Amino acid sequence: MSQAQHYKLSIEGMSCASCVGRVDKALSGLPSVSGVSVNLASETAQFDMEEGPGLEDVASALDELGYPARTASVTLSIASMSCASCVGRVDKALEAVPGVLDVNVNLAAETATVTYLEGAVDISALIAASTEIGYPAEIAEATQSEDRAARKDAEAREIARKAILAAVLALPVFAMEMGGHLIPGVHAFIGRTIGHQASWLIQFVLTTAVLVGPGRGFYTKGVPALLRGAPDMNSLVAVGTGAAYAYSVVATFLPGLMPEAVRAVYFEAAAVIVVLILLGRFMEARAKGRTGAAIQKLLGLQARTANVLRDGEPVEVALEELRAGDILVVRPGERIAVDGEVTEGESHVDESMITGEPVPVAKASGDPVTGGTVNGAGSFRFRATRVGADTTLSQIIRMVEEAQGAKLPIQGLVDRITLWFVPAVMTVAVLTVLIWLVIGPSPALTLALVAGVSVLIIACPCAMGLATPTSIMVGTGRAAEMGVLFRKGDALQQLTSVDVVALDKTGTVTEGRPELTDLVLADGFDRAEVLGLVAAVEEQSEHPIAEAIVRAARAEAAPRHKVEKFESITGYGVRAMVGGRDVLIGADRLMQREGLETGTLTKREAELAARGRTALFAAIDDKVAAVIAVADPVKPASAAAIAALHGQGLKVAMITGDKRETAEAIAQEIGIDHVVAGVLPDGKVAALDELRAGDRKVAFVGDGINDAPALAAADVGIAIGTGTDVAIESADVVLMSGDLRGVVNAFAVSRHTMRNIRENLFWAFGYNTALIPVAAGVLYPAFGLLLSPVLAAGAMALSSVFVLTNALRLRRIRPSMDETAEVTPHAVAAVPAPAE
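Analysis parameters
Residues numbered from 1 in each chain as written. Predicted model: local features only at pLDDT ≥ 70, side-chain atom pairs only at ≥ 80, totals over all residues. Heavy atoms only, no water. Helix = DSSP H or I, 4+ residues; strand = E, 2+ residues; numbered from the N terminus. Buried < 20%, exposed > 50% of the residue type's maximum accessible area, 1.4 Å probe, protein only. Contact = heavy atoms within 4.5 Å. Areas by Shrake-Rupley, 256 points an atom, 1.4 Å probe, with all protein chains shown as cover. Expected span 1.5 Å × (residues − 1). Arc of directions from axis to C-beta. UniProt positions renumbered as here; feature names shortened; annotations may be inferred. Salt bridge = Lys/Arg side-chain N within 4 Å of Asp/Glu carboxyl O. Pairing = 2+ DSSP bridges. Axes fitted to C-alpha atoms, helices over the stretch in contact; angles between N-to-C directions. Patch = residues over 30% accessible without salt bridge, like charges linked within 9 Å, V, L, I, M, F, W, Y side chains within 5 Å. Lys, Arg positive; Asp, Glu negative; His and termini not counted. Charge placed at Lys NZ, Arg CZ, Asp CG, Glu CD. Polar contact = N/O pair within 3.5 Å; in protein donor to acceptor, adjacent residues only side chain to side chain. Parallel < 35°, antiparallel > 145°, perpendicular 65-115°, else oblique. Left-handed = near helix turned anticlockwise from the far one by under 90°. Nonpolar A, V, L, I, M, F, W, Y, C, P; charged D, E, K, R; others polar. Core = buried A, V, L, I, M, F, W, Y, C linked by side-chain atoms within 4.5 Å.

### With respect to the overall build of the protein
For step 1, the next point in the chain: Each helix and strand in the protein was counted, giving 30 helices and 29 strands.
For step 2, the next point in the chain: Out of the 836 residues belonging to the protein, those deemed buried represent 52%.
For step 3, the next point in the chain: Sequence-distant contacts, at least 24 apart, represent 70% of the contacts inside the protein between residues at least 6 apart.
For step 4, the next point in the chain: Element-wise, carbon and sulfur atoms account for 56% of the exposed surface of the protein, whose accessible area totals about 36000 Å².

### A look at helix H8 (residues 216-227)
An α-helical segment advances 3.6 residues per turn. Residues three or four places apart therefore align on the same side.
For step 1, the next point in the chain: Taking 1.5 Å per residue as the helical rise, H8 with its 12 residues ought to reach 16 Å, and the 17 Å between its terminal C-alpha atoms agrees with that figure.
For step 2, the next point in the chain: Here H8 has its buried residues at Phe 218, Gly 222 and Ala 225. Relative to the axis of H8, the buried residues are bounded by an arc of 65° and lie together on one face.
For step 3, the next point in the chain: The positive-phi residue at the C-terminal boundary of H8 is Gly 229, with phi of around 80°.

### Observations concerning the UniProt feature "transmembrane region" (unreviewed entry) in the protein
For step 1, the next point in the chain: Using the residue numbers shown here, the UniProt feature "transmembrane region" (unreviewed entry) corresponds to residues 163-186, 198-215, 236-258, 264-282, 417-439, 445-468, 761-780 and 786-808.
For step 2, the next point in the chain: Span residues 264-282 is 84% helix and 0% strand, its end C-alpha atoms 32 Å apart.
For step 3, the next point in the chain: In the segment residues 761-780, helix accounts for 85% and strand for 0%; the C-alpha atoms at its two ends are 28 Å apart.

### Topic: the pattern of salt bridges
For step 1, the next point in the chain: With the rule as written, the count across this model stands at 20 salt bridges.
For step 2, the next point in the chain: For Arg 161, the salt bridge goes to Glu 158, with nearest N and O atoms at 2.7 Å. Placement of both Arg 161 and Glu 158 in helix H5 (residues 144-182) is noted, with a separation of 3 residues, approximately one turn of the helix.
For step 3, the next point in the chain: Classification of Arg 161 as partly exposed rests on a relative accessible area of 48%.

### Overview of the sheet that holds strand S5 (residues 100-106)
For step 1, the next point in the chain: Taken in spatial order, the 4 strands make up an open sheet running S5-S6-S4-S7, and their pairing is antiparallel. This sheet does not close on itself; its edge strands, each paired only once, are S5 and strand S7 (137-139). Taking the axes of each pair of neighbouring strands and ignoring which way they run, one obtains an average angle of 30° across the sheet.
For step 2, the next point in the chain: Relative to strand S6 (residues 111-117), strand S4 (residues 71-78) runs antiparallel, the two sharing 7 bridges. If you follow Val 74 over to S6, its bridge partner there is Val 114.

### Some words on a negative patch on the surface
For step 1, the next point in the chain: On the surface, Glu 56, Asp 57, Glu 95 and Asp 102 cluster together into a negatively charged patch.
For step 2, the next point in the chain: In this fold, Asp 102 is placed in strand S5.

### Things to note about the side chain of Arg 478
For step 1, the next point in the chain: Looking at the secondary structure, you find Arg 478 in helix H16 (residues 462-481).
For step 2, the next point in the chain: Residue Arg 478 is classed as buried on the basis of its relative accessible area of 10%.
For step 3, the next point in the chain: There is a polar contact of 3.1 Å between the side chain of Arg 478 and the side chain of Glu 481.

### Some remarks on the packing of helix H19 (residues 527-538) against helix H20 (residues 544-555)
For step 1, the next point in the chain: Interhelical geometry of H19 versus H20 gives an angle of 135° and a closest axis separation of 9 Å. If you check the angle between H19 and H20, you find them oblique. Between H19 and H20 the crossing geometry is left-handed. Of the residues in H20, those in contact with Leu 531, Val 534, Ala 535 and Glu 538 of H19 are Ala 546, Ile 549, Val 550, Ala 552 and Ala 553.
For step 2, the next point in the chain: Tallied by class, the residues present in the contact of H19 with H20 amount to 8 nonpolar, no polar and 1 charged.

### Focus: the nonpolar core
For step 1, the next point in the chain: Of all hydrophobic cores here, the largest spans 161 residues; its most connected members are Phe 47, Leu 126, Ile 718 and Phe 747.
For step 2, the next point in the chain: Here the element with the most residues in this core is helix H28 (residues 741-776); it accounts for 14 residues.
For step 3, the next point in the chain: Excluding its chain neighbours within four sequence positions, the residues that come into contact with Leu 126 are Val 74, Leu 76, Leu 94, Val 97, Val 100, Val 114, Tyr 116 and Val 121.
For step 4, the next point in the chain: Counting residues in hydrophobic clusters, the runner-up holds 44 residues, among them Ala 535, Ala 576, Ile 620 and Ala 625.

### Describing the side chain of Thr 373
For step 1, the next point in the chain: Its place among the elements puts Thr 373 in the loop between strand S13 (368-369) and strand S14 (374-375).
For step 2, the next point in the chain: Accessibility expressed as a relative area gives 1% for Thr 373, which makes it buried.
For step 3, the next point in the chain: A distance of 2.5 Å separates a polar atom in the side chain of Thr 373 from the backbone oxygen of Thr 370.

### What about the packing of helix H3 (residues 84-95) against helix H4 (residues 123-132)?
For step 1, the next point in the chain: Orientation of H3 relative to H4, taken along the N-to-C sense of each, is 140°, at an axis distance of 9 Å. Relative to H4, the element H3 is oriented oblique. The interaxial crossing formed by H3 with H4 has right-handed handedness. In contact with Val 90, Ala 93 and Leu 94 of H3, H4 contributes Leu 126, Ala 129 and Ser 130.
For step 2, the next point in the chain: Its residues assigned to classes, the contact of H3 with H4 comprises 5 nonpolar, 1 polar and no charged.

### Comments concerning a nonpolar patch on the surface
For step 1, the next point in the chain: The grouping of Val 430, Leu 431, Leu 434, Ile 435, Leu 437, Val 438, Ile 439 and Leu 445 at the surface amounts to a nonpolar patch, some 770 Å² of accessible area in total.
For step 2, the next point in the chain: Top contributing element to the nonpolar patch by residue count: helix H14 (residues 409-439), with 7 residues.
For step 3, the next point in the chain: If you trace the backbone, Ile 435 turns up in helix H14.

### Let's talk about the environment of Pro 544
For step 1, the next point in the chain: Looking at the element boundaries, Pro 544 is found in helix H20.
For step 2, the next point in the chain: Using a relative accessible area of 37% as the deciding quantity, one classes Pro 544 as partly exposed.
For step 3, the next point in the chain: In sequence terms Pro 544 and Arg 513 are 31 residues apart; their C-alpha atoms lie 7.5 Å from each other.

### Considerations on the pairing of strand S22 (residues 614-620)
For step 1, the next point in the chain: Counting buried positions along S22 yields 6 of 7 residues, so the element is predominantly enclosed.
For step 2, the next point in the chain: Pairing between strand S21 (residues 581-586) and S22: 4 bridges, direction antiparallel. The residue bridging Val 583 from the neighbouring strand is Ile 620, located in S22.
For step 3, the next point in the chain: As judged from the 7 bridges shared by S22 and strand S23 (residues 623-633), these two strands associate in the antiparallel manner.

### Some points on the pairing of strand S9 (residues 313-318)
For step 1, the next point in the chain: Across 6 bridges, strand S8 (residues 305-310) lies against S9 in antiparallel orientation. Following the sheet pairing, Arg 310 is matched in S9 by Glu 313.
For step 2, the next point in the chain: Hairpin geometry of S8 and S9 is characterised by an intervening segment of 2 residues between the two adjacent antiparallel strands and by a positive phi of about 55° at Asp 311.

### Brief notes about the sheet that holds strand S17 (residues 500-504)
For step 1, the next point in the chain: Taking strand neighbours across the sheet as the criterion, the 7 strands line up as S16-S28-S27-S26-S17-S24-S25 in an open arrangement whose pairing is mixed. Both outer strands of the open sheet, strand S16 (484-486) and strand S25 (674-676), are each paired with one neighbouring strand and no more. Looking at each pair of strands side by side, their axes are set apart by 20° on average, direction ignored.
For step 2, the next point in the chain: Where strand S27 (residues 716-720) meets strand S28 (residues 733-735), 3 bridges bridge the pair, whose relative direction is parallel. Among the inter-strand pairings, Ile 718 is bridged to a residue of S28, identified as Val 733.

Next up, the structure:
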């Protein structure tokens, strides 16, 4: 009987003794689980479990019960990974640790993000699991992203040093052995001078120096992996170069063991292969360092220190020492350290790194400021409200890092293939050698060696492992620079399958607050006078329409008046005495009740209402003075953005709580295909289900708290960054800008990145599929062509460099729509104040 293991899980949602009873009963009912003890005070469940159902089954049972086990995640730095097979082995080893729920290993970032059941997994067990199979692990430091470029640069310099040393040692070997094949007379010259045997001895010494020195890592990592039955790329190189070296050593020192016809040396192959692979790895290291350029730019926006008031005097302190509530002093030109609220002083702040808007924003007492933005010529003080990991900039960096480390669904296929790819290649290499020995022409042994080594070298699956993660890192990083943050990495792939983009209206398509759009005057009335009188009355009201009128009056510097005898007429409007004049504001029914003739303004009021505006009459001293129209105007870029989405082959729908006539009016004006109107906030999810008819994929764009359920329910949820935290947390993609141009750019980045991934995978898989048979000698019977191991090494290195270079092209993606460009407001794109 196997020994039971003891586990302790943290449980969420337990609030009473009956909860404890349900959890206890559910766990006790699982086979192989015994000794269950559930504690409400500590919110834990302890139990023993023998071999049988895994902890994943326990977690599933708790989830179904409604009391999920808490999960946690950790990111580990993984060393020594060189190809996709390494990724597969690390993934498999970490997943085998009891309590691990999900593993995401990223070759390009050299990390593994592990999600596990809190309390059931010791981090040291994860580190040991990876280290034991030859891939040393450690917890990734908080500054890892900042140090990564420097680390990769140092790694590239070290590899370059090894490559140069190997090249210096290999050059004479290559010249002596290949010179006779390339330049007539060299072979005879060597024979007349030092002699061929001495030449072989010199090649032996130099090649040994290459393999023991710069090439030692291939053997110290590859041979142990081979002995463990888990060969990787290093194993392929070690076996390939080792075979060529061993064959050459026998031919040099024990020539009697070989027939004279096959006595030849391949020292140059072993030496030059090491040089070429080191050169490829040098280029990989440099390119990998550049894949994280976006993170480096974001980290560069963080201030290192800040001036904090201590006993009334500004003191410079490190960013890590700041606490919420501290009062910070910002001088002209300084970068703001953390998020906060201005308490004293005025200035203009460049917030382009957050909003994309190039015009500095005025800041005064009570206004919010964001860490990472740059102060202008003024000076002010502010109270820190969010510090450390809670600042907007830190959250942006965290989103980008998580997206860059994501594993897309397409990567699953790659992982499954590469896990068995290296063993399969080694099997093919062995079969190749056997076939050449059995049916190959003379000298069969030499040809068998050449073909076998070529297969081993050319099939290294580096390019396969780098194809997807490098594109993700560069693509999501470039997206962040464009103001598009992928909170969930798989959204990058899912966006390409979206058929319909559903838009919330208020705050997404429209500005989100009503504005005065029209003031049509009756004969004999002055605009400034009428606006001043009406605004004075409306200032007594808190209705959004009243606020719009008051804002317009202030913007136009209309006269201010004192109000007396304010009266709200329920269902009709308002009335007041302003500067001794009787002012009446309301719908047409109020004018009719008071017996006032609206005259020619009646037609104008009907026209405005038909265009989706809320129209009111204003009467002064028993004479109708004006028709006032208020609306929630469409954002200037909405119409152009919708046209751009149409250009990408997408249908666009709008979901709103407004009545259908109003919604249809705006839809017709800005080109929306489908309208779902009269929807209550809790009905947006049902509206998305309606749009999914015909197995269509739907992306939803919103910004409000009431949009959170729809953002979570959509195939892809896209939150406008100017919206609420709740909406942003529910979304898959966050747009830092406040309009729909970011949606267009998100789709463009997704399309470019997925195309780039497909190109990389096509090259990586197609390269191996096409060249392994060539390396094995399939062209030899017909054309007499047999691929040299040296050329195989060069081609293998080139494939990885090609994949990385292709991924780096994503850094040049241009925004489909420039969010800093001025947009002409749409002529008739206003809609009534929201009913949402």
